[in-house]
Amino acid sequence: MEKKDITDREDIILLVDTFYEKVKNNAILGYIFDDIAKINWETHLEKMYSFWSSMLIGEHSYTGNPMKVHIDLGKIAPMGEIEFMEWLVVFHTTIDELFEGKTTEFAKERAENISRIMQYKIEQSLT
Ligand code: HEM
């Protein structure tokens, strides 16, 4: 079946749900969410729908500070090269399974850029 591009909130929800289902079951990442950060998945997923809708489809609904959240997380969990590489592999695999097109490519670029900055800021905060 031909894949479509990411165009609306329904696409974002599918992307986010599929991505975090893989993350939950991932040996390198899952326990950071469940055992260390002990997140409420319902709240987290809602936040992530807003985050990616704001990034990709002009929704302007996300108001958090992801850099601060991950810098704080870096003080209690391993958040280095291995974890970020894994996060990106899972994100790219998920997105390529579901979509293709301009916004899809932009989403991967966005994720890579944010991830690079995040990792750098975490490293800086630990030295
Ligand atoms: C090593 C890779 C990563 C891990 C282990 C990770 C883990 C987490 C965890 C545990 C939370 C929830 C924190 C809490 O509510 O207490 C969170 C929130 C979040 N993550 Fe990540 N993350 C990673 C990378 C990324 C990347 C690359 C992005 C963006 C492209 C991202 C975007 C977000 C956003 C937007 C939130 C919500 C922040 C808020 O509360 O407003 N994360 N992450």
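One structure accompanies this document, and this report is about it. Bear in mind the structure is a predicted one, so any value in this text is a computation, not a measurement. (Residues numbered from 1 in each chain as written. Predicted model: local features only at pLDDT ≥ 70, side-chain atom pairs only at ≥ 80, totals over all residues. Heavy atoms only, no water.)

A look at the overall build of the protein
Under the convention used in this document: Numbering of helices and strands starts at the N terminus; helices are DSSP runs of H or I of at least 4 residues and strands are runs of E of at least 2. It is over C-alpha atoms that the radius of gyration is taken, and the globule rule equals 2.2 Å times the number of residues to the power 0.38. Categorising residues by exposure relies on relative accessible area from a 1.4 Å probe, with only protein chains included: less than 20% of the type maximum marks a residue as buried, more than 50% marks it as exposed, and the intermediate range marks it as partly exposed.
Along its length, the protein carries six helices and zero strands. Counting from the amino terminus, the protein carries its helices and strands in the arrangement α-α-α-α-α-α. Whereas a compact globule of 127 residues would reach a radius of gyration of roughly 14 Å, the protein reaches 14 Å, a difference of no more than 12%. The C-alpha extent of the protein, read off along each of the three principal axes, is 45 × 30 × 25 Å. Residue burial in the protein is summarised as follows: out of 127 residues, 39% are buried.

Considering the side chain of Lys108
As a reminder, the rule being used: Whenever a nitrogen or oxygen atom comes within 3.5 Å of another N or O atom, the pair is scored as a polar contact, on the condition that within protein one atom can donate a hydrogen and the other can accept it, and that pairs from neighbouring residues in sequence are kept only if both atoms are in side chains. By definition, residues are in contact when any of their heavy atoms lie within 4.5 Å.
With respect to the helices and strands, Lys108 occurs in helix α6 (residues 102-126). Of the polar contacts made by the side chain of Lys108, one reaches the side chain of Glu105; its length is 3.2 Å. Apart from residues lying up to four places away in sequence, Lys108 is in contact with His92, Ile95 and Asp96.

Side note on the pattern of salt bridges
Which entries qualify depends on this criterion: Salt bridges are defined by distance alone: a side-chain nitrogen of Lys or Arg within 4 Å of a carboxyl oxygen of Asp or Glu.
One pass over the structure, following the stated rule, counts seven salt bridges. Of the charged contacts, one joins Asp11 and Lys4 as a salt bridge, the two residues approaching to 2.6 Å between their closest N and O atoms. We classify Asp11 as buried; its relative accessible area is 8%. Residue Lys68 pairs with Asp72 through a salt bridge whose shortest N-O separation is 2.6 Å. Separated by four residues within a single helix, Lys68 and Asp72 lie in helix α4 (residues 66-73), roughly one turn from each other. The exposure class assigned to Lys68 is partly exposed, which follows from its relative accessible area of 47%. Through salt bridges that share partners, Asp96, Glu105 and Lys108 make up one connected network.

Digging into the nonpolar core
What counts here: Nine residue types can take part in a nonpolar core, namely buried Ala, Val, Leu, Ile, Met, Phe, Trp, Tyr and Cys, and a core is a set of them joined through side-chain atoms within 4.5 Å.
In terms of nonpolar packing, the biggest core is built from 33 residues, with Ile6, Val16, Tyr20, Trp52, Trp87 and Phe91 touching the most fellow members. Counting residues per element, the ones that place at least two in this core are α1 (9-24), α2 (30-36), α3 (41-56), α4, α5 (81-98) and α6. Tallying contributions element by element places α3 first for this core, with seven residues.

Section: the packing of α1 against α5
The following threshold applies: Lines fitted to C-alpha atoms define the axes here, with helix axes fitted over just the stretch in contact, and angles between the N-to-C directions of these axes take values from 0 to 180 degrees. Angles are sorted into four bins: roughly parallel if under 35 degrees, roughly antiparallel if over 145, roughly perpendicular if 65 to 115, and oblique for all others. Left-handed describes a crossing whose near helix is turned anticlockwise from the far helix through less than a right angle; right-handed describes the clockwise counterpart. Gly is placed with the polar residues, together with every amino acid not listed as nonpolar (Ala, Val, Leu, Ile, Met, Phe, Trp, Tyr, Cys and Pro) or charged (Asp, Glu, Lys and Arg).
Put simply, α1 and α5 touch, their axes get as near as 10 Å, and they point 135° apart. Taken together, α1 and α5 sit at an angle that is classed as oblique. Pair α1 / α5 crosses with right-handed handedness. Residue-level contacts link Leu14, Leu15, Thr18, Phe19, Lys22 and Val23 of α1 to Trp87, Val90, Phe91, Thr94, Ile95, Glu97 and Leu98 of α5. The residue inventory of the contact of α1 with α5, partitioned by class, reads nine nonpolar, two polar and two charged.

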